[in-house]
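Below are the chains, spelled out letter by letter.
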Amino acid sequence: MGREYNLAIAGATGAVGQEFIKVLEERKFPVKSIKMLASANSVGKELEFNGRSCNVEQLTESSFEGVEIALFSAGGDRSKQFAPAAAKAGAVAIDNSSAWRMDADVPLVVPEVNAHAIAQYKKKGIIANPNCSTIQMVVALNPLHKKAKIKRIVVSTYQSVSGAGQKGVEELSQQVRDLFSFKGVTKAAFPHQIAFNCIPQIDVFEADGYTKEEKKMVNETRKIMEAPGIEVSPTCVRVPVFYGHSESVNVEFESAITPEEAREILKSAPGVTVLDDMANRLYPMAIEAAGKDDTFVGRIRRDPAVKHGLAMWIVSDNIRKGAALNAVQIAEELVKQKLI
């Protein structure tokens, strides 16, 4: 039997925290012990892991004694405060928030794309998990980038309400019930009614008219793919879907690549499933990607507006591959590369 590791989950009671537990169990990660950490409001709750009941403890700076890997999904402010404490205690902190992503001393990792960058964690003891919408895009585009260098990406996202956490899921569900009961809707998680609507705003607007979510897609794509010259033009939209982000992506390459070549490349790419059969109306949909590990790509076709261009449709489960699975895959790489 191989070595087992002491883990902690910060934000264990949240949507991603719950998915951490599920993914660790399903992938049989070698867990010796696990701490469930959350805010003071959740202390006393019990969570199950591999058939054992675990008491939820309050997340504090002293929570990480003896912990080797700490999975964080507790929000940016808590990550800024507690990830360094985890690292100081000797743990590797794998953080799902945006707090550390653009720190030059913190690797931003999608294992299918840049697993080699994980070794850089030793500078601060922290590894950043990218934004969910960025993860699925780079998983699909990086294999094509290796074939024909990417110049420019134009992406429009159709992001599910679970991207805003459990409160987003509950708000859509409640608004649908209220509308069918002829009641008014209550808004809290989103700036407008999300039921039967699309909201072209995720996160706050910046001075140039782009949102923080859109800026993440620009900056994170360049960092993960180690391609600072790629131009990215994003529009991020919240849609009334519970789980699964969809993206319409137009890519301009420096050299020719045909749709047929792209399909063949993606069919053998790690973490990618190609669903692209127009005659049988086969293409990726959020409802079918939910709960699945892979990133799904379809509608691959030539973009006639540029010399070397392709258009495609990319779908993935934002809570799974877009958050929990990616973080656990990073932990698996730490073990595989003998970095811990």
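Here the structure is shown first, and the text comes after it.
Bear in mind the structure is a predicted one, so any value in this text is a computation, not a measurement.

K.L.:
Explanation requested: the pairing of strand β6 (residues 92–95) in the structure shown.
P.N.:
When a strand is regular, its side chains alternate between the sheet's two faces. Of the two faces of β6, the one lined by Val92 and Ile94 and the one lined by Ala93 and Asp95 are each fully buried. The pairing of strand β5 (residues 69–72) with β6 spans 4 bridges and is classified as parallel. Following the sheet pairing, phenylalanine 72 is matched in β6 by aspartate 95. On the question of chirality, the crossover connecting β5 to the parallel β6 by way of helix α2 (residues 76–88) is right-handed. Sheet analysis places β6 next to strand β7 (residues 126–128), joined by 3 bridges and oriented parallel. Bridging across to β7, isoleucine 94 finds its partner in isoleucine 127.

K.L.:
Teacher, can you tell me more about the packing of aromatic side chains here?
P.N.:
Where two aromatic rings form a pair, the distance of their centres and the angle of their planes describe that pair. With the rule as written, the count across this model stands at 4 aromatic pairs. On the numbers, 6.3 Å between centres and 45° between planes, the contact of tyrosine 5 with phenylalanine 29 is tilted. With a gap of 24 residues between them, tyrosine 5 in strand β1 (residues 5–10) and phenylalanine 29 in the loop between α1 (15–26) and β2 (31–38) connect regions that are remote in the sequence.

K.L.:
Is there a simple way to explain the nonpolar core in this structure?
P.N.:
Across soluble globular proteins, you tend to see nonpolar side chains buried next to one another. Among the nonpolar cores identified, the biggest contains 56 residues, and Phe64, Phe72, Leu141, Leu144, Ile153 and Met312 are the most heavily contacted of them. Tallying contributions element by element places helix α4 (residues 132–147) first for this core, with 7 residues. For leucine 141, the contacting residues outside a window of four places in its chain are Ile150, Ile153, Val249, Val251 and Met312. Judged by nonpolar contacts, the second largest core, of 37 residues, contains Val31, Val56, Ile94 and Val328.

Rules used in this analysis
Residues numbered from 1 in each chain as written. Predicted model: local features only at pLDDT ≥ 70, side-chain atom pairs only at ≥ 80, totals over all residues. Heavy atoms only, no water. Buried < 20%, exposed > 50% of the residue type's maximum accessible area, 1.4 Å probe, protein only. Helix = DSSP H or I, 4+ residues; strand = E, 2+ residues; numbered from the N terminus. Pairing = 2+ DSSP bridges. Right-handed = clockwise from strand over helix to strand, strands pointing away. Phe/Tyr/Trp six-rings, centres within 6.5 Å; stacked < 30°, edge-to-face > 60°. Core = buried A, V, L, I, M, F, W, Y, C linked by side-chain atoms within 4.5 Å. Contact = heavy atoms within 4.5 Å.

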